[in-house]
Amino acid sequence: MDYLLAGSGRAEAAMNLRGLSAATRARIAFARLSEAEVPASRLVAIYVAVAALIEDDFGSHRTREFQIVQAAKVAHRLASGTHRRWQMWNPKGADVPIEIHAYPRSAGLVLRKIGEAMGKVVDPLVAAAVSEIIQLKVTKCGPHPSHRGQQK
């Protein structure tokens, strides 16, 4: 995961992403995460947590695409926007503060590309850790509501 963040290149402003390919936008999303100093361990934790939540919920979608998109949504929210502030000259008095906040769309092929990249790194860990995470959660908080009256 450190390699994904370190090799992602330069972060682009959210306003400049229109028209770029999904792979490029996904790379820029990892660059924004790197620029925001989001630790790789947090991204790993997000992916494993989403996998555990889906596995523990009997009513959840069980497709791989659903899992990678849900993990990517969480990761994308950590550092998705571009925020700019400046002062605009006002001839009638004090300068006027101006702010712009732009967020790229969190949808479509970009999320799949982000999730796939995370999955390539974390999937070996998921296979080993999910059952243990579910056991710890059940011990601490009890079974998931979807387990009432059912056995897996």
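For clarity, every value in this text was computed on a predicted model and none was experimentally measured.

Chemist: Where do I start with helix α2 (residues 22-35) in this structure?
Modeler: Structural remark: α-helix, 3.6 residues per turn; residues separated by three or four positions point the same way. The end-to-end C-alpha distance of α2, which contains 14 residues, comes to 20 Å, matching closely the 20 Å that a straight helix rising 1.5 Å per residue would cover. Buried within α2 are the following residues: Ala22, Ala26, Ile28, Ala29, Phe30, Ala31, Arg32 and Leu33. Against the buried residues of α2 lie α1 (2-6), α3 (40-56), α4 (64-78) and α5 (109-141).

Chemist: Explain the nonpolar core to me, please; I cannot follow it from the model alone.
Modeler: Note on soluble globular proteins: their nonpolar side chains tend to be buried together. Counting 33 residues, the largest nonpolar core has Phe30, Leu33, Leu43, Tyr47, Ile114, Met118 and Val126 as its most contacted members. Elements represented by at least two residues in this core include exactly α2, α3, α4 and α5. The element contributing the most residues to this core is α5, with 10 residues. The residues contacting Leu33, other than those within four sequence positions of it, are Leu5, Val38, Leu43, Ala75, Leu78 and Ala79.

Chemist: Would you explain unusual backbone geometry in this entry?
Modeler: Glycine aside, the phi torsion of most residues is negative, and most peptide linkages are trans. At Glu37, a position not held by glycine, the phi torsion is positive, near 60°. Residue placement: Glu37 occurs in the loop between α2 and α3.

Chemist: Explain empty space enclosed by the protein here, please?
Modeler: Any empty space left between atoms is shown by rolling a water-sized probe over those atoms. Scanning the entire structure with this criterion turns up two cavities of 30 Å³ or more. The computed volume of the largest cavity comes to approximately 40 Å³. Lining the largest cavity we find Ala29, Arg32, Leu33, Ala75, His76, Ala79, Ser80 and Ile114. Looking at the lining of the largest cavity, the elements with two or more residues in it are α2 and α4. Considering every element that reaches the lining of the largest cavity, the biggest residue donor is α2, with three residues. Split by residue class, the lining of the largest cavity holds five nonpolar, two polar and one charged. Taken as a whole, the second largest cavity encloses approximately 30 Å³ of empty space. Forming the walls of the second largest cavity are Leu17, Arg25, Ala29, Arg32, His76, Pro104, Arg105 and Val110. In terms of residue count, the dominant contributor to the lining of the second largest cavity is α2 (three residues). For the lining of the second largest cavity, the class distribution of residues is four nonpolar, one polar and three charged.

Chemist: Just to check I follow, could you spell out the pattern of salt bridges for this structure?
Modeler: Charged atoms that come close allow side chains of opposite charge to pair. Using the criterion set out here, one finds five salt bridges in the structure. Close ionic contact of Arg112 with Glu65 constitutes a salt bridge, the shortest N to O distance being 2.3 Å. Here the residue Arg112 occupies a position in helix α5, and Glu65 occupies one in helix α4, the gap between them amounting to 47 residues. Of the charged contacts, one joins Glu99 and Arg85 as a salt bridge, the two residues approaching to 3.5 Å between their closest N and O atoms. With Glu99 in strand β2 (residues 96-102) and Arg85 in strand β1 (residues 82-88), this pair connects stretches of sequence that are 14 residues apart. Arg85 sits in the exposed class, given a relative accessible area of 60%.

Conventions we followed
- Numbers given for residues are sequential positions, taken from 1 along each chain in its written order.
- Since the coordinates come from a predicted model, pLDDT governs what is reported: local features require at least 70, and pairs of side-chain atoms require 80 or more to be given and counted, while whole-chain, interface and lining totals use all residues.
- Side-chain metrics in this entry use all non-hydrogen atoms of the structure; hydrogen atoms and water are not considered.
- Only DSSP runs of H or I with at least four residues qualify as helices, and only runs of E with at least two residues qualify as strands; both kinds are numbered from the N terminus onward.
- Any helix carries an expected span of 1.5 Å times its number of residues minus one.
- Throughout, exposure labels follow a simple rule: accessible area from a 1.4 Å probe, protein chains only, divided by the maximum for the residue type, with under 20% read as buried, over 50% as exposed, and the rest as partly exposed.
- Contacts between residues were defined by any pair of non-hydrogen atoms, one from each residue, lying within 4.5 Å.
- Each nonpolar core is a collection of buried residues, namely Ala, Val, Leu, Ile, Met, Phe, Trp, Tyr and Cys, held together in the definition by side-chain atoms within 4.5 Å.
- Residues are called lining when one of their atoms sits within 4 Å of a cavity or pocket point, these points coming from a 1 Å grid over the protein atoms alone, where a cavity is a set in which a 1.4 Å probe fits but cannot get out and a pocket is an open set with protein on both sides within 12 Å along at least five of seven lines.
- Grid points are joined across faces, edges and corners, and a volume is the space filled by probe spheres set on the points.
- Three classes are used, and their members are as follows: Ala, Val, Leu, Ile, Met, Phe, Trp, Tyr, Cys and Pro are nonpolar, Asp, Glu, Lys and Arg are charged, and the others, Gly among them, are polar.
- Throughout this description, the term salt bridge denotes a Lys or Arg side-chain nitrogen within 4 Å of a carboxyl oxygen of Asp or Glu.

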